[in-house]
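Here is how the chains run, residue by residue.
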Amino acid sequence: MAHGTAHGTAEGRTELDRKGGPGHTVLLALLAAVPLVKIAWTVGGGSHTREVVTTMGVPNLGEVLVGMVTTRPLLGSLVAVVTSRVVFALFAARGAVPSGRSAGAVARTVALTLVNPVAMGVLCWVFYGPWWGLGVTLAALALRQGLVQEYRAGRRPRPHGRPDAVPLAPWRLRLVAAEQWTALLLTVVVLPVTAFAAALDGLAWDTVLRCEVAAGAHTEQSRLIELDRKGNGVVGWDLHAQEIVNGLGCVKEESLRVRPAWWNS
């Protein structure tokens, strides 16, 4: 009975991996909620949010998230690590982690384990610098070792794999448990908190420009958050007038600060 229960639990973990685990659910929820929260806090909520979303178009809301991720190293690094683990769990549940102790199986396991963390690390290196890239690579590697251990030992059944688990040494079991709890904490607590903190930090999600804007019969300079490019000008959110305007002769500003952070307001 105990064996059947343990096997059922293992099957359940494999099925959860096949769906991407909790990281898949969290990433989808953040993808839906964070861009809207970011826009609402940055432009003042209510009808202002509707204006911006209508102008951008719902399909382009992903640009808000891209802008946040590429300008905030901690958020981008967390997204990279969680995404790397989700992708690995999906492939592992479909039998990508080879069993056996042959040189070929070990080489395939090493390659499968390394390729995605290294790719994520390179991306973070490009956007944030070498130390962020190195940290992401090491974190992504560490947070998949538990999955590797369990799939290679048969503790998580693979398609057409062995039904019985191979016992792991107690210290390996403790490492697996620690890795899984760390990954869960990172995924369901640290990443959402960091994402919503970035949404409420008062920084624009895209380029801030100083442009010439028509104001009745004359023009004046105003700060805009760029929403779209139109010919030789831009369509943007006027931070002073609090409306959508067309800007010409725009110059990029270095600072993305457009209002105080939520916790400072």
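Every value quoted in this text rests on a predicted model; they were computed, and no experiment measured them.

Draft legend 1. Inspection of empty space enclosed by the protein at higher detail. Per the stated rule, a full pass over the model turns up one cavity of 30 Å³ or more. Of the voids in this model, the largest cavity is the one considered here, and its volume is about 30 Å³. Lining the largest cavity, in full, are Val-81, Val-82, Arg-85, Leu-143, Ala-183, Leu-186 and Thr-187. When residues of the lining of the largest cavity are traced back to their parent elements, those giving at least two are α5 (73-93) and α9 (170-199). Taken together, the residues of the lining of the largest cavity break down into five nonpolar, one polar and one charged.

Draft legend 2. Just the side chain of Thr-42, in detail. Looking at the secondary structure, you find Thr-42 in helix α2 (residues 21-43). Among the polar contacts made by the side chain of Thr-42, one reaches the main-chain carbonyl oxygen of Lys-38 at a distance of 2.6 Å. For Thr-42, the contacting residues outside a window of four places in its chain are Leu-203, Ala-204, Trp-205, Ile-225, Val-258 and Arg-259.

Draft legend 3. Spotlight on unusual backbone geometry. Positive phi values are uncommon outside glycine, yet Gln-242 reaches one of about 55°. Its location among the elements puts Gln-242 in the loop between β3 (233-238) and β4 (243-252). Since its relative accessible area comes to 39%, Gln-242 is described here as partly exposed.

Draft legend 4. View of the pattern of salt bridges. For the structure shown, the criterion picks out six salt bridges. Residue Arg-85 is joined to Glu-179 by a salt bridge in which the shortest nitrogen-to-oxygen separation is 2.4 Å. Remark: Glu-179 occurs in helix α9 and Arg-85 occurs in helix α5; sequence separation between them is 94 residues. Accessibility expressed as a relative area gives 18% for Arg-85, which makes it buried. Since its relative accessible area comes to 7%, Glu-179 is described here as buried. Residue Arg-210 is joined to Glu-253 by a salt bridge in which the shortest nitrogen-to-oxygen separation is 2.9 Å. Here Arg-210 is found in strand β1 (residues 208-215), whereas its partner Glu-253 is found in the segment after β4, with 43 residues between them in sequence. Using a relative accessible area of 31% as the deciding quantity, one classes Arg-210 as partly exposed. Counted as one network, the salt bridges with shared partners bring together Lys-38, Arg-72 and Asp-201.

Rules and cut-offs
- Residues numbered from 1 in each chain as written.
- Predicted model: local features only at pLDDT ≥ 70, side-chain atom pairs only at ≥ 80, totals over all residues.
- Heavy atoms only, no water.
- 1 Å grid on protein atoms, 1.4 Å probe; cavity = no way out; pocket = protein on both sides within 12 Å on 5 of 7 lines; lining within 4 Å.
- Points joined across faces, edges and corners; volume = space filled by probe spheres on them.
- Helix = DSSP H or I, 4+ residues; strand = E, 2+ residues; numbered from the N terminus.
- Nonpolar A, V, L, I, M, F, W, Y, C, P; charged D, E, K, R; others polar.
- Polar contact = N/O pair within 3.5 Å; in protein donor to acceptor, adjacent residues only side chain to side chain.
- Contact = heavy atoms within 4.5 Å.
- Buried < 20%, exposed > 50% of the residue type's maximum accessible area, 1.4 Å probe, protein only.
- Salt bridge = Lys/Arg side-chain N within 4 Å of Asp/Glu carboxyl O.

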